[in-house]
Amino acid sequence: MNQGANRLILEGRFLVNIAGAIIRQDALRPVRGNIDWERMFRFADYHRVANMVYLGMLGKGDNIPERWRDLFFDRYVQGLLYKDSCETAEQEILTLLDVSGIPCTILESSRIHNLYQIQEMAYRNPLKLWIGKDNYSLVKGYMVDQGYVTTFTYKGFGERMKHSSGFQLEIYYELPFHTKFYKKNMMQILNYAYIKEPYKHVRALSVDKQFVWMMAQCVYHYVLDELRIREVLDLYLYYKTWHEQINMEYIKKAWDSFRIDEVAKMLLALSYMWFGSVEELAPEQRAEDMSAYDIMENRILSRTPTGRETNQQAIALEKCIRKELDKETRKERYQRRKEKWKEKWDGFMRQVTWMFPGYKYMRTMYPVLEYIPILLPAFWLVRLLRFLIGRIA
């Protein structure tokens, strides 16, 4: 493991300890040591826990440079304001789509902050909607009219949009997964979404299916080294809040259909190790191989495989995703070459067309061709010679 990865892991554990202490309401330790606060802020911002770090710094951050303390505070204020505005903005969007008769499914709600005991500790989670291809352009147009602008494009899937108020929305015409079996299983989940009252065209996922969606997405991000601490925290809080209503028999079957049951079990155990207590889990849900847990933790915090991945499901899923990504890359490369050659061919044909114009054009320049069209090649030569003589002169 290189020095850079080691540093990321240590900084990641610092963030996890702060977030875990706040969630468990433990006593926070004073901030000590020589910390690069610029680096820490960017790392916390990437993992979407900068607002929680600010709360952990209160009364204990006298040695933190003012600039970075203010930036942590800014993230805290953003979370505070987002909590007050997100429910109204979400309701306005859903009402607009419902009144317009546009069917949509809520993949994730911005109201996940309700799971937090201190709600301003939640991240500014966007409202994520599955629209489908038929209505995607129409919905995007509506959002632009409402003052939303695109801030990020998920190529081949959808985009993220943001309002001046700070509220964020993600709309998808294709589920954001590259593997076919992932898309197939996700679509089966969406097919069973229920009509959300008081709407007529807005659907939502049940508690069980929402948990399957969250876990499948976390595992997907894990094998791509894109899983954030915040996602693991949201997963923990969701399960902790709803575990009594969740049908684990259904959940296990769903995980098995995604081929992630082992990885999912470990991620759930990891979330309790970070933010709760593993003793709260049922014995069959706990991780047995602690070395595998260490590999998983280090991989999440360093954002790169720091050791040999031991979980065969994670290896298989990553291999499958990389294969699809490579296939898309080759397809894009072929398409670029095709477009490049097309440009060259079009340029060549324009030159040919200029040097040897069609009969109708030449007939206007040389009327005799109307009576003797067989002389067209001769007049091409005449036209070319006249052009050359004109250039020489």
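Structure: above.
Just so we're clear, the structure is a prediction, and the values are computed from it rather than from any experiment.

S.K.: What am I meant to see in the sheet that holds strand β4 (residues 158–162) here?
M.R.: Pairing between the strands of a sheet is mediated by backbone hydrogen bonds and can be parallel or antiparallel. Taken together, seven strands build an open sheet; the order of strands is β3-β4-β5-β2-β1-β7-β6 and the sheet is mixed. Sheet topology places β3 (149–154) and β6 (194–195) at the edges, where each strand pairs with a single neighbour. Its contacts with the sheet place helix α4 (residues 66–99) against β1 (104–108), β2 (127–130), β5 (168–172) and β7 (202–204), and it is angled at close to 20° to β2. Sheet strands in contact with helix α7 (residues 207–223) are β1 and β2, and its direction is about 60° off that of β1.

S.K.: I'm lost on the nonpolar core in this one. Help?
M.R.: Counting residues in each nonpolar core, the largest one holds 89 residues, and the members touching the most others are F72, Y182, M186, F211, M215, L267 and W274. Examining the composition of this core, we find that 11 residues originate from one element, α7, more than from any other. Once residues lying within four places of it in the same chain are set aside, the contact partners of M186 are L175, F177, W213, A216, Q217 and F258. If you look at the next biggest cluster of nonpolar residues, it comprises 22 residues, including C86, C104, I131 and L169.

S.K.: What is the right way to look at a positive patch on the surface in this model?
M.R.: On the surface, K319, K323, R330, R333, R336 and R337 cluster together into a patch of positive charge. One can find K319 in helix α12 (residues 312–355). Residue classification places K319 among the exposed residues on the basis of a relative accessible area of 66%.

S.K.: Just to check I follow, could you spell out the side chain of T179 for this structure?
M.R.: Take T179: it is sitting in the loop between β5 and α6 (180–191). A residue is classified by how much of its surface remains accessible, and T179, at 0% relative accessible area, is buried. With residues up to four places along the chain from it excluded, the contact list for T179 reads Y220, C320, I321 and E324.

Procedures and definitions
Residues numbered from 1 in each chain as written. Predicted model: local features only at pLDDT ≥ 70, side-chain atom pairs only at ≥ 80, totals over all residues. Heavy atoms only, no water. Pairing = 2+ DSSP bridges. Helix = DSSP H or I, 4+ residues; strand = E, 2+ residues; numbered from the N terminus. Contact = heavy atoms within 4.5 Å. Axes fitted to C-alpha atoms, helices over the stretch in contact; angles between N-to-C directions. Core = buried A, V, L, I, M, F, W, Y, C linked by side-chain atoms within 4.5 Å. Buried < 20%, exposed > 50% of the residue type's maximum accessible area, 1.4 Å probe, protein only. Patch = residues over 30% accessible without salt bridge, like charges linked within 9 Å, V, L, I, M, F, W, Y side chains within 5 Å. Areas by Shrake-Rupley, 256 points an atom, 1.4 Å probe, with all protein chains shown as cover. Salt bridge = Lys/Arg side-chain N within 4 Å of Asp/Glu carboxyl O. Lys, Arg positive; Asp, Glu negative; His and termini not counted. Charge placed at Lys NZ, Arg CZ, Asp CG, Glu CD.

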